[in-house]
Amino acid sequence: MSATLSNTGAAPALGPARVVPERTRMLLEAPIVPTLLKLAAPNVLNLLAIAGMITFDGLFVGRLGPDALAGISLVFPWVMLMQHGAASGMGGAVSSAIARALGAGQKQRAIDLATHAFMLALMLGALFSVLMLVAGPVIYRSMGGQGAVLEAAIAYSTVAFGGVVSIWMLNLLGNVGRGTGNMSLPAMVIVGAVLGHVVISPALIYGLGPVPALGIAGAGWGLVSSFGIGSLVLFAYLRSSRSLVTLSFRGLRLKWELFSEFFRVGVPGMINVVITNLTVIVVTGVAGHLGRDTAIGYAMGARLEYIIIPLGFGIGTGIVAMVGTNWGAKQYVRARAIAWTGGAVVAAACGAVGVFFALFPQLWLSIFTANEEVIQIGVSYLRLVGPTYALYGLGIGLYFACQGYGKVVPAVIANAIRLVLAAGGGIIAMSWIGAGAAGLFAAIAFAFVAYAGLTSLAVLRIKAVA
């Protein structure tokens, strides 16, 4: 006899035949806000780690000269696209599926899902490795790479994408743990991998003792080797009895139904990642019609979004686990309460960042440039758009709630509409109304407002399943 789980959000009445693991019980019963903050805290380390990786990669490679730095700049957005796609796109689907299975008391299904997640990491790693090794040189050339810059880009890309399976494996196995409510171990492993990258890369780039200098390729080797070691650590943990859900390959038979559980949420999630990155690229292009300084001023201000997004992810992974577990347990009222509470928490965190830098924009902009005209344009952007980061945060939080529900397509459509409103509205404001940069920034702010409203509508339309 299984436990009876309340549809009103109350604690489930446990029958004698079903023993609910302590971590799952916490997701089902503990107070929402303290539990969410407890789950989110380790993931803040992920934010700091990834920000550190971006900073140190540029610092180390920059010493090789401007051609090397320009080359890695062509490749790095694609590497980060893999990281974000694996962590919050397909990774969120893995976490959601396992959380819903555990919430429903289907531990064997959760184990099967975990094993299929391992196989999926191998498949996606191989797919994107072949794709980027073949198409990479063409892509970098189309981005303006030529001569020594193109050679540097290909040297880094060949190693980074040759071992891109390490990025997929680290993130998908990490999300197996997150689906059980274990946020600490994946966070510590990722931080350890990034620290390893920071320590190993200089030796591989410049050479140390018997280690030859590999140049820009050394940065790629530092990335794939450190992430590969992190993947082995997670693999060992998930094969041990300490893990709530383990990897089991005995008598393994791959099932399309389990892969489709990931694809149903993960493919739209990866599209969402592409849309999010594409929005900044497209709007930067729109801003460029007002001149180089406007494009740079917008780009420097919008870099703050790359802090907002990981911050939302740090809290959002907890939302996925909590919503998914309670939805699977048919605690629909509690799942909805978690969704809205989680969205409010992300809104508060992102809003605090936006308001702070709207009040003190020079603290952010002076990190990147001393050009007064560029800074003034960036100040205009942050003062107008910064306060709406709270609404952007609400949309991000509710997107992760939709991942927890396993119904993410409407939230992805909302993000696509945000792209159209920001870019299209900016073009209209600039070309038809003649509002200049202020009109473009107003369109971006309106797009954030619309995104919050549309994701709210997406959550409201999700119905309980009997």
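Right above here is the structure, for reference.
Predicted model, so just to flag it, every value in this text is computed and none were measured.

## Considerations on helix H6 (residues 165-179)
Next up, step 1: Here H6 is 15 residues long and its end C-alpha atoms lie 21 Å apart, about the 21 Å a rise of 1.5 Å per residue gives.
Next up, step 2: Among the 15 residues of H6, 14 are classified as buried, and the element is accordingly described as predominantly covered.
Next up, step 3: Just beyond H6, the residue with positive phi is Gly 181, at close to 95°.

## A few points about the nonpolar core
If you look at soluble globular proteins, the nonpolar side chains tend to sit buried side by side.
Next up, step 1: By size, the foremost hydrophobic cluster in this structure holds 78 residues, and its most contacted members are Tyr 298, Tyr 381, Tyr 405 and Ile 444.
Next up, step 2: Those residues in contact with Tyr 298, other than ones at most four positions away along the chain, are Thr 279, Val 280, Val 283, Thr 284, Ala 287, Ile 377, Tyr 381, Phe 441 and Ile 444.
Next up, step 3: Residues Leu 170, Val 194, Leu 223 and Phe 262 belong to the second largest nonpolar core, which totals 66 residues.

## Structural notes on the packing of helix H9 (residues 256-288) against helix H16 (residues 409-432)
Next up, step 1: Their axes nearest at 9 Å, the elements H9 and H16 cross at an angle of 10°. Classified by the angle their axes make, H9 and H16 are roughly parallel. Every residue of H16 that contacts H9 at Pro 268, Ile 271, Asn 272, Ile 275, Thr 276, Leu 278, Thr 279, Val 282, Val 283 and Val 286 is listed here: Val 409, Ala 411, Val 412, Asn 415, Ala 416, Arg 418, Leu 419, Ala 422, Ala 423, Gly 426, Ile 427 and Met 430.

## Overview of the pattern of salt bridges
Next up, step 1: This structure, assessed with the given rule, holds five salt bridges.
Next up, step 2: Two residues, Arg 25 and Glu 29, come together in a salt bridge whose shortest N-O distance is 3.2 Å. One end of the pair, Arg 25, and the other, Glu 29, are both in helix H1 (residues 22-29), four residues apart, so they sit about a helical turn from each other.
Next up, step 3: Given a relative accessible area of 31%, Glu 29 falls into the partly exposed group.
Next up, step 4: One salt bridge in this structure joins Arg 109 and Glu 261, with 3.8 Å as the shortest N-O distance. Separated by 152 residues along the polypeptide, Arg 109 in helix H4 (residues 107-142) and Glu 261 in helix H9 bring together distant segments of the chain.
Next up, step 5: With relative accessibility at 23%, the residue Arg 109 sits in the partly exposed group.
Next up, step 6: By relative accessible area, Glu 261 is classed as buried at 11%.
Next up, step 7: Among the ionic contacts, a cluster of salt bridges with common partners joins Arg 100, Arg 109, Glu 257, Glu 261 and Arg 264.

## Observations regarding the state of the cysteines
In protein structure, a disulfide is the covalent linkage between the sulfur atoms of two cysteines.
Next up, step 1: Considering all chains together, one arrives at zero disulfides under this definition.
Next up, step 2: Here Cys 350 stays unpaired: no disulfide links it, and the sulfur of Cys 402, its closest cysteine neighbor, is 16 Å away.

## Quick word on the packing of helix H3 (residues 66-103) against H4
Next up, step 1: Between H3 and H4, the shortest axis-to-axis distance is 11 Å and the interhelical angle comes to 165°. The angle between H3 and H4 falls in the class roughly antiparallel. Along this stretch, H3 crosses H4, giving a crossing that reads as right-handed. Packed against H3, whose contacting residues are Leu 74, Val 75, Trp 78, Met 82, Met 90, Val 94, Ala 97, Ile 98, Ala 101 and Leu 102, the element H4 presents Lys 107, Arg 109, Ala 110, Leu 113, Ala 114, Ala 117, Leu 120, Leu 124, Phe 128, Met 132, Ile 139 and Tyr 140 at the interface.
Next up, step 2: Here the contact of H3 with H4 is built from residues that sort into 20 nonpolar, no polar and two charged.

## Some details on unusual backbone geometry
Next up, step 1: The residue Lys 330 is not glycine, and still its phi comes out positive at about 65°.
Next up, step 2: Within the secondary structure, Lys 330 sits in the loop between helix H11 (305-328) and helix H12 (332-359).

## Thoughts on the packing of aromatic side chains
Next up, step 1: Taken as a whole, this structure holds 17 aromatic pairs when the rule is applied.
Next up, step 2: Both rings, one in Tyr 399 and one in Phe 400, keep their centres 5.4 Å apart while their planes meet at 70°; by these two values the pair is edge-to-face. Across this residue pair, the class does not change: Tyr 399 and Phe 400 are buried.
Next up, step 3: Between the NZ or CZ atom of Arg 418 and the centre of the ring of Tyr 451, over which it lies, the distance is 5.7 Å.

## Considerations on a nonpolar patch on the surface
Next up, step 1: Side chains of Val 355, Phe 356, Leu 359, Phe 360 and Leu 363 sit close together on the surface and give an oily, nonpolar patch of about 480 Å² of accessible area.
Next up, step 2: Element by element, the count of residues in the nonpolar patch is highest for H12, at three residues.
Next up, step 3: Within the secondary structure layout, Phe 360 lies in the loop between H12 and helix H13 (361-365).

## Details of the environment of Ser 240
Next up, step 1: Relative to the elements of secondary structure, Ser 240 occurs in the loop between helix H8 (216-238) and H9.
Next up, step 2: On the accessibility criterion, Ser 240 (17% relative accessible area) is buried.
Next up, step 3: Taking C-alpha positions, Ser 240 is 51 Å from Gly 297, a pair spaced 57 residues apart along the chain.

## A closer look at the side chain of Thr 180
Next up, step 1: Within the secondary structure layout, Thr 180 lies in the loop between H6 and helix H7 (184-206).
Next up, step 2: From its side chain, Thr 180 meets the backbone oxygen of Gly 177 in a polar contact 2.6 Å long.
Next up, step 3: There is a polar contact of 3.5 Å between the side chain of Thr 180 and the backbone nitrogen of Asn 182.
Next up, step 4: Beyond its immediate stretch of four places on either side in the chain, Thr 180 contacts Arg 23, Leu 27, Ile 98, Leu 102, Leu 244 and Val 245.

Conventions adopted
- Residues numbered from 1 in each chain as written.
- Predicted model: local features only at pLDDT ≥ 70, side-chain atom pairs only at ≥ 80, totals over all residues.
- Heavy atoms only, no water.
- Helix = DSSP H or I, 4+ residues; strand = E, 2+ residues; numbered from the N terminus.
- Expected span 1.5 Å × (residues − 1).
- Buried < 20%, exposed > 50% of the residue type's maximum accessible area, 1.4 Å probe, protein only.
- Core = buried A, V, L, I, M, F, W, Y, C linked by side-chain atoms within 4.5 Å.
- Contact = heavy atoms within 4.5 Å.
- Axes fitted to C-alpha atoms, helices over the stretch in contact; angles between N-to-C directions.
- Parallel < 35°, antiparallel > 145°, perpendicular 65-115°, else oblique.
- Salt bridge = Lys/Arg side-chain N within 4 Å of Asp/Glu carboxyl O.
- Disulfide = S-S within 2.5 Å.
- Left-handed = near helix turned anticlockwise from the far one by under 90°.
- Nonpolar A, V, L, I, M, F, W, Y, C, P; charged D, E, K, R; others polar.
- Phe/Tyr/Trp six-rings, centres within 6.5 Å; stacked < 30°, edge-to-face > 60°.
- Lys NZ or Arg CZ within 6 Å of the ring centre and 35° of its normal.
- Patch = residues over 30% accessible without salt bridge, like charges linked within 9 Å, V, L, I, M, F, W, Y side chains within 5 Å.
- Areas by Shrake-Rupley, 256 points an atom, 1.4 Å probe, with all protein chains shown as cover.
- Polar contact = N/O pair within 3.5 Å; in protein donor to acceptor, adjacent residues only side chain to side chain.

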